[in-house]
Amino acid sequence: MNRARRLARDAAEAAEVRAYETHPDVVALRIERVRRQVDWMCWSGIVLGLAFTMTNVQGFAAGGAVAWSLPWLAAWVLDPTVSLVLLAILRAEQVTARYQVETGPWVRRAKWFTLAATYVMNTWTSFAAGSVAAIVLHSVPPLVVFVAAEAITDLRDKLTLAVAAAHREAVHVNAPVHEPVQAGRKRFADYLNAARAAWSPGVEVTPAWVRRVTGCSRGLSPRLARALAAEVAR
């Protein structure tokens, strides 16, 4: 008998833990943590890639200008100008993708133009010199930035869909946690109606009484008892 009580307590505790673990808010919080990790890693890769291309773009813009001369100093402004526009677009897409708001065609054109400009300025000298190794070296960072810029937007959109899908699944999973799975499974309202019909003045509404008159599960009976007790009190 003691073992049966222990098992009953363990079952009730496991049902409660599972209910919280599959709660839509808990699931959404976990996905939000993954979203933050994905954002951090993608943004780190994009910023590092753009930082790598800065010196190559500066050399392309400066040409043969003397170091620390005005043209040489002005050449350092070119890459940040393009990169800031790209980062602004990606930052805006971070919000629009989160709420699944579709942006206009000019947003994608601006993003592709800035990425293409960065690639051309970063590899022009290597193509002119005909050095395959230099072309590969200076092509990888801009292409990684390009792929990451496209992927991060799609990932944010899919993570938003994952939150919605997890919510639907959590709602579906939570129902059988509290109720036995069977053909024509009763809903909460059905059990409550049965308990309401069985109650009479003077009867104390407890989870044990609710289980006895409705045949509901141990995990569902406290909720039913609270709901019926509130009705009785009113």
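Residues numbered from 1 in each chain as written. Predicted model: local features only at pLDDT ≥ 70, side-chain atom pairs only at ≥ 80, totals over all residues. Heavy atoms only, no water.

Caption draft 1: Up close: the packing of helix 7 (residues 207-214) against helix 8 (residues 221-233). Packing of helix 7 against helix 8 brings their axes to within 8 Å, and their N-to-C directions diverge by 100°. By the angle class used here, helix 7 and helix 8 are roughly perpendicular. Contact with helix 7, carried on its side by Pro 207, Trp 209, Val 210 and Arg 211, involves Ser 221, Pro 222, Leu 224, Ala 225 and Leu 228 of helix 8 and no other residues of that element. Taken together, the residues of the contact of helix 7 with helix 8 break down into seven nonpolar, one polar and one charged. (Axes fitted to C-alpha atoms, helices over the stretch in contact; angles between N-to-C directions. Helix = DSSP H or I, 4+ residues; strand = E, 2+ residues; numbered from the N terminus. Parallel < 35°, antiparallel > 145°, perpendicular 65-115°, else oblique. Contact = heavy atoms within 4.5 Å. Nonpolar A, V, L, I, M, F, W, Y, C, P; charged D, E, K, R; others polar.)

Caption draft 2: Summary view of the confidence of the model for the protein chain. On average, residues of the protein chain score 82 in pLDDT, and 89% of them are at 70 or above. Within the protein chain, helix 4 (residues 105-129) carries the highest mean pLDDT (91), whereas helix 1 (residues 2-21) carries the lowest (72). Within the model, the stretch residues 176-184 combines pLDDT values under 50 with 19 contacts to residues more than four positions away or in other chains. (pLDDT = per-residue confidence, 0-100.)

Caption draft 3: Spotlight on the environment of Trp 76. Tracing the backbone shows Trp 76 in helix 3 (residues 70-98). Measuring from C-alpha to C-alpha, the distance between Trp 76 and Ala 62 comes to 8.2 Å, with 14 residues separating the pair along the chain. Ignoring any residue separated from it by four or fewer positions in sequence, one finds Trp 76 in contact with Met 54, Thr 55 and Gln 58.

Caption draft 4: Fine view of the UniProt feature "transmembrane region" (unreviewed entry) in the protein chain. Mapped onto this numbering, the UniProt entry gives "transmembrane region" (unreviewed entry) at residues 40-61 and 73-92. Structurally, residues 40-61 comprises 100% helix and 0% strand, and the distance from its first C-alpha atom to its last is 31 Å. When the span residues 73-92 is considered, its composition is 100% helix and 0% strand, and the gap between its end C-alpha atoms is 30 Å. (UniProt positions renumbered as here; feature names shortened; annotations may be inferred.)

Caption draft 5: Here's a closer look at helix 3. Helix length check: helix 3, at 29 residues, gives a terminal C-alpha distance of 43 Å against a target of 42 Å (1.5 Å per residue), a fit within 8%. At the C-terminal side of helix 3, Gln 100 shows a positive phi close to 55°. (Expected span 1.5 Å × (residues − 1).)

Caption draft 6: Representation of the pattern of salt bridges within the structure. Throughout the structure, instances matching the rule amount to six salt bridges. Glu 32 is the salt-bridge partner of Arg 35, the closest N and O atoms lying 3.3 Å from each other. Within this pair, Arg 35 and its partner Glu 32 are both found in helix 2 (residues 24-62), separated by three residues, close to a single helical turn. The two residues Arg 35 and Glu 32 agree in class, both being buried. Measuring nitrogen to oxygen at the nearest pair gives 3.1 Å for the salt bridge that ties Lys 111 to Glu 93. Pair noted here: Lys 111 is in helix 4 and Glu 93 is in helix 3, with a separation of 18 residues, a long-range link. According to the relative accessible area criterion, Glu 93 is buried, its value standing at 5%. Here the salt bridges share partners, and the residues they tie into one network are Glu 93, Arg 108, Lys 111 and Glu 150. (Salt bridge = Lys/Arg side-chain N within 4 Å of Asp/Glu carboxyl O. Buried < 20%, exposed > 50% of the residue type's maximum accessible area, 1.4 Å probe, protein only.)

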